[in-house]
Amino acid sequence: MAGNADVARYLKSFQGLGALSDSSKATPAADALAGFRYPSDLAMDLVLSEPAVTQPVEISFDHRGRLWVVQYNQYPYPKGLKITNVDNYLRVTFDKVPDPPPDAVKGADKITFFEDTDGDGKYDKATDAINGLNIATSVALGRGRIWVLNPPYLLAYPDPDGNGIPDGPPVVHLSGFGIQDTHAVANSLTWGPDGWLYGAQGSTCTSTVSSSVTKNVFLQGQAIWRYNPVSHVFERFAEGGGNNPFNIEIDEKGRIYSGSNGTDRGPDYKQGGYYIKSWGKHGPLSNPYAFGYLPNMAHTGDKKRFTHAFIKYEGGALPERYEGKMIAINPLLNYVQLARFEPEGSSFRNIDEGHILETKDRWFRPVDIQAGPDGAVYLADWCDSRLSHVDPHDTWNKVTGRIYRLRNKDSAAAVPAFDLRAYSNEQLIALLSDKNEWFRRQAILLLGDRKDSTVIPALLRLFGSDNGQTALEALWAINLSGGFNDKIAVEALRHKDPYVRMWGVRLLGDAGKVSPAIAAQLARLAGHERHPEVRSQLASTAKRLPGPDAVPIIRNLLRNAGDMDDPDIPLLIWWAVESKSESDRAALLTLFRDPAVWNNAVVREVVLKRLMQRYIMAGGKDNYDAATRLLKLSPSMKLSRLLVAGLQEGLVDKDITELPPDLISLLKPFHAVFGEAPLILPLRMGEPKAVKEALGVIADDKAELGYRLAYVRLMGETERPDAVPVLLRLVESGQTPGTLRAAALWALSGYNLPEIGSRIIKAYPVFHADYYDRLAALNVLATRAEWARGLLTEIVKTRKISPKEIPDEIVHRLKLLGEQDINDAVEKLWPDARPLTSSEKAGTMSRVSKLIRSAPGDTTKGHTLFLSTCATCHRLNGEGGNIGPDLSGYDRHDLQTLLINIVDPNADIREGFEVQRIIMADGRTLEGRIVSRSGKSVTIRPPLGGEQMVLSADKIREIRPRLTSTMPERLLDKMPDRDVRDIFAYIMKMN
C-alpha cells in the first residue's frame, strides 16, 4: 500500500493500540450463541454466520423482508491505491481518486441479500446483488434504484422491478466524499420520512461533495448530511457530535440521532445545528460565527465507552418494557445496553436501565443494529478479536461474521412472506397505522416511490385522525405524494399534535420559501407555541427562510420567556439571528426597537454579545454601522455592557482604531468592560498620552496592583516596543509581586528581541526561590529557539541553573522547538527525555506484566496510590482531574492494553486530549489543547491546565498536533514492585 519509502517505514514501525488481533480463535457460532446471557422474556437466534457473511458492517431489510448485508471485506484500504502520506491520526493521502464502478478497480466488498424461502425463520437463500465494490459502507433501496455508498461516491444502480438485481451500471449522484480514514467514511444511508436520503460522515474524513446541482459542499469531520434524489440537492443537515458517527437512527417522530464514540449516548440532531467536536483533530465548524455548539443528549448511567449505534425500539413485538426504549450496541465491551428517553426540553436525557445482552466472548463485536419486519432486533457482529483502528496493519479477520436476532420469547422466529411492492395503495395506506414502525416506514417509502396523487383524498382523511402518530404518517405521505400545499400546511400548523405542527414547520422550511400567508402563520405560531420541539424547529426553519419571512419568526421567538433553560433552543435562535445578520441587517436591527426583546433572557444571555462580536469580527462599514446602531438602541447601561463585551471579543484580531469615530465615542463610558483600569480604552486606541501614563503606572511600585496588571497584559497584546524596558525592569526587580512578574514575562514573550531572553536568564536568581515565577520564566524561554539556547548555555556552562529545576513539561517544550542542536542538548542533560525504543517498551511491559501476575495487589493501597499519582490528571470512579481521559469507561480488564497506554502513552492520544503545537507569526512556539475555534480566534488551554489564552487566527502560522502525550514515559520505572501491583489492582477493579 505504501507509495514511497517514508510511508513504508512509518507504517512498518507503527505500533498498534487498543483491541488488536491476537492468537485467539473465533468461538464456533453455535457455541457463541449458547454463551450469551439475556433476560428471560427474550429469545435469541443465530440468523447467519460465516462463510455466508464476513465482516458485516451494515444490515437492513427491503420491501419483501429480505435481509441485506454490506460485507466490508476490502477494509481498511481501497484496492488499487497507494498511500503517499499519513499523519499521526493514521489519516492517509492516496495517489489518486478511484474511479466509480463499473470502470473502477474491483475490490472485495459485496452486498448480499438473504431470503427465508420456507418461512422457518432461517435465511436459506443468498444472492450477491453487487460484487467487486471497493470500500462500500451502506445500501438503501428506493425510487427504483439500489443506492450504494462507495466513497468517494454515492451510486444509484437501476432496479425498476425491485428484484434486488441491478439492471445496468450505476449512475454517480454524489462525488467527493473523503476516504482518508475508512473507519470514518460516509455511511448509514437512511430514508427520511421527508423523502431525503440521509447519511453520516465520521470524524477523521474531510469531504468536498458535489451533485449535479449542488457544488463543493465542504464537510470537515463529523456531520449528518442528506440528498434529495428528485431535486439532486445535497446539503449538510447538522455538523459535529457523536465523536465518530457511524450510525443514523430516525424515530417515529422523524428525529435524527447517532451513537457516540464517547461515554454518553450521542446527539439528538437538530436541523442546522452545530455540535461538539475535537477541535484540534477534527477541525473548526464550517460557520466561523457559530460561537458555540450543542451538547450530546444528557446521560445518566453507565459511563463506559462506547455505544456507537442504537435504535429506538418501536417494533411492537418485544415485551412492553422495551417499547420506545433505546437499544444500543457496545462493540468494545461486548454487550447491548437498554436505556430510556426522558424528555428534557427540546431534547432528551438518556437513562440507562441495564444490559439486555452480555457475553464473555471478546469476539462479539456488534457494529450495527436494526429492527426487522417481524419486530425482532437484529445485530450485525463483526466477529473479530480486533476492534481498534489504531493500527495501520491489515490484521483483520476476513473470514468471520454473524447476524443475531433478539425476539420475544413467546413469538415465532419467522414472519409470513410478503411483497409490499405488490400492495395496493389502499393496503399501503392501511400500513400507516401499523403498530410496527418498520411497516409504517416502508409504506411511506413506497408511496413516495409511486407519487400517485390519487391517494391524497384517502390520506387527507387519515390526516384528520384523532391519533397524532397516524396524522403525522399521513402528513409525510401527503408530502411525498405531491399533495403538500398551503392549505395542508395551515392545517398542519394548527394541528393539535405538536409533532404534526413541528413537521409542518420543517417541510415549509425545506422548500426554502413560503407564501406571505404562510409566513404570517409561521410568525403567529412562533408567538404562541409552547412545545419545545416545535419551537426548536421554528428556529431551525427561520435560519433556512429568506429574511422577510424569517425575521418575524425570530421576533416572536424572542418574546418567549421560557427558552433559556432549554439545552438547544437558545443557540438555535442565535444561529437563526446570525444567518440574517448581514443579508437582512436592517430588518434584523428593527427587532431591537422593541424594549420587550431586550428583556428576553435568550437575548441577554446568548444573542447580544454574539451579535456584536459577529459584526465587529466581520468588519466593514455596514457591519460597523450596525454595531453602532445596536449600541445606540440599548435601553440600559447593563445591556450596553454586554454589547461592549461582545465588541471586545470581536476585536481579538483587530486594532480598535479600525472602528468608526462615532462607535468609538459610544465606547468611552464603558472603559470598565475593557478592564477596570481607566486607561485601557485610550490605550487600545493608541493615544500617546495614555501610553506614557500607563507605562508610568506600571513602573510605580506604589500604584494600584490591579491597574499595573491590566496595563502590563495590554502591553503584551498591543506590541509596543517602548514597553519592553519597563517590563524587563519588573522582571529584574526583587520587589515585583509574583503575579505582576508572571504577567510581565508573558507580555515580553510576544516581542522577538534577543535581549529579552538574555535578561530573563540573567535575572533568574532574583526569583529562583519562587516556583511559580520560575515556571513562568521557563515557559517564556521555551517559546523561542534563541532564548532556549541561552537557557541551555546557562545550565551547561555557567551552571547557575540546575537541570533538576527544569520540570518535565518544560523539557518536552524545548524539544517541540524542532531544532536539532536543542534536542541533542536536552537529551544529554535529561536522558529520560529520550524516547524509549521499541525494545525498551517491550521489556518494560513484559517485566511489569510478570510482576502483576506474580502476586495479588491491595486495592485499598492502590486507591491511595492512584489519588497521589494518576488522579492529578485522570478520573476514575468519580475521583481525580480532567487533564487526561476519564478511565472509568475503559475496558480495564485488559492488562496488555493498560500496559501499552501507560508504558507507551504516545501510541494513541485519546480524542479531545490532543495537544497542538502552535507556531505564531512572531516566531513563538506555543502549545495547548484547543478549547474552541470560532471566527478568527483560537482558544487554547495549557496542557496541564491553567488560564485559557485567546489567539488571533491571523497571527498563527501553523497548527500541528504534538506527537507526544503530556503523560511522560517511564512512570513505572521508579515505582516499587509492591506499589505497581497495588495500583494496577485498583485500576483493574471493575465496579
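Residues numbered from 1 in each chain as written. Predicted model: local features only at pLDDT ≥ 70, side-chain atom pairs only at ≥ 80, totals over all residues. Heavy atoms only, no water.

A word on the overall build of the protein chain
And step 1. Secondary structure summary: the protein chain contains 34 helices and 35 strands in total.
And step 2. On C-alpha atoms alone, the protein chain measures out to a radius of gyration of 31 Å, which is about the 30 Å that the 2.2 N^0.38 rule sets for 991 residues.
And step 3. Counting only C-alpha atoms, the protein chain reaches 90 × 75 × 55 Å along its principal axes.
And step 4. Taking all 991 residues of the protein chain together, the buried fraction comes to 59%. (Helix = DSSP H or I, 4+ residues; strand = E, 2+ residues; numbered from the N terminus. Rg over C-alpha atoms; globule rule 2.2 N^0.38 Å. Buried < 20%, exposed > 50% of the residue type's maximum accessible area, 1.4 Å probe, protein only.)

Description of the packing of helix 26 (residues 754-767) against helix 27 (residues 771-781)
And step 1. Axis separation between helix 26 and helix 27 bottoms out at 10 Å; the angle between their running directions is 165°. As the angle between them shows, helix 26 and helix 27 are arranged roughly antiparallel. As for the relative orientation of helix 26 and helix 27, their crossing is left-handed in sense. Contacts between helix 26 and helix 27 involve G757, I760, I761, Y764 and F767 on the former and, on the latter, D773, R774, A777, L778, V780 and L781.
And step 2. Of the residues in the contact of helix 26 with helix 27, the class split is 8 nonpolar, 1 polar and 2 charged. (Axes fitted to C-alpha atoms, helices over the stretch in contact; angles between N-to-C directions. Parallel < 35°, antiparallel > 145°, perpendicular 65-115°, else oblique. Left-handed = near helix turned anticlockwise from the far one by under 90°. Contact = heavy atoms within 4.5 Å. Nonpolar A, V, L, I, M, F, W, Y, C, P; charged D, E, K, R; others polar.)

Quick look at the nonpolar core
And step 1. With 198 residues, the main nonpolar core has L67, V148, L522, F592, L659 and F984 as its most contacted residues.
And step 2. Among the elements that make up this core, the one with the highest residue count is helix 16 (residues 601-618) (10 residues).
And step 3. L748, I806, V811 and L814 belong to the second largest nonpolar core, which has 59 residues in total. (Core = buried A, V, L, I, M, F, W, Y, C linked by side-chain atoms within 4.5 Å.)

Focus: the state of the cysteines
And step 1. Under the definition given, this model contains 0 disulfides.
And step 2. Just so you know, C870 is unpaired, no disulfide at all, and the nearest cysteine sulfur is the one on C873, 8.9 Å from it.
And step 3. The partly exposed category is assigned to C870, whose relative accessible area is 23%. (Disulfide = S-S within 2.5 Å.)

Some points on the sheet that holds strand 33 (residues 937-941)
And step 1. Overall, antiparallel pairing links the 5 strands, which are arranged 34-33-32-31-35 in an open sheet. The sheet is open, and its two edges are formed by strand 34 (949-952) and strand 35 (956-961), each paired on a single side. Recorded for the sheet is a direction-independent mean angle of 45° between the axes of neighbouring strands.
And step 2. Inspection of the sheet shows strand 32 (residues 925-934) paired to strand 33 by 5 bridges, in the antiparallel sense. Its bridge partner being in strand 33, I930 is matched across the sheet by I940.
And step 3. Sitting on the sheet, helix 29 (residues 808-816) touches strand 31 (916-920) and strand 32, and the angle it makes with strand 32 is about 90°. (Pairing = 2+ DSSP bridges.)

Let's talk about the packing of aromatic side chains
And step 1. Applying the stated rule across the entire model yields 34 aromatic pairs.
And step 2. Consider the rings of F341 and F348, whose centres lie 5.5 Å apart with planes at 80°: the pair is edge-to-face.
And step 3. A cation over a ring is seen here: K312 above F341, with NZ or CZ 5.1 Å from the ring centre.
And step 4. Here the guanidinium or amino end of R614 rests over the ring plane of Y289, the centre of that ring lying 3.9 Å away. (Phe/Tyr/Trp six-rings, centres within 6.5 Å; stacked < 30°, edge-to-face > 60°. Lys NZ or Arg CZ within 6 Å of the ring centre and 35° of its normal.)

Some points on the sheet that holds strand 2 (residues 56-61)
Either a parallel or an antiparallel arrangement is found when strands of a sheet pair, and the pairing is made through backbone hydrogen bonds.
And step 1. On the basis of which strands lie adjacent, the open sheet formed by 4 strands has the order 2-3-6-7 and antiparallel pairing. Of all the strands in the sheet, the pair left with one neighbour each is strand 2 and strand 7 (125-133). In this sheet, neighbouring strand axes are inclined to one another by 20° on average, regardless of whether the strands run parallel or antiparallel.
And step 2. One ladder, built from 5 bridges, connects strand 2 with strand 3 (residues 67-71); its direction is antiparallel. Counted as the bridge partner of E58 is V70 from strand 3.

Some remarks on the side chain of Q74
And step 1. Mapped onto the elements, Q74 comes out in the loop between strand 3 and strand 4 (83-86).
And step 2. For Q74, a relative accessible area of 13% corresponds to the buried category.
And step 3. If we skip the residues at most four places from it in the chain, Q74 touches K79, G107, A108, D109, N134, I135 and K398.

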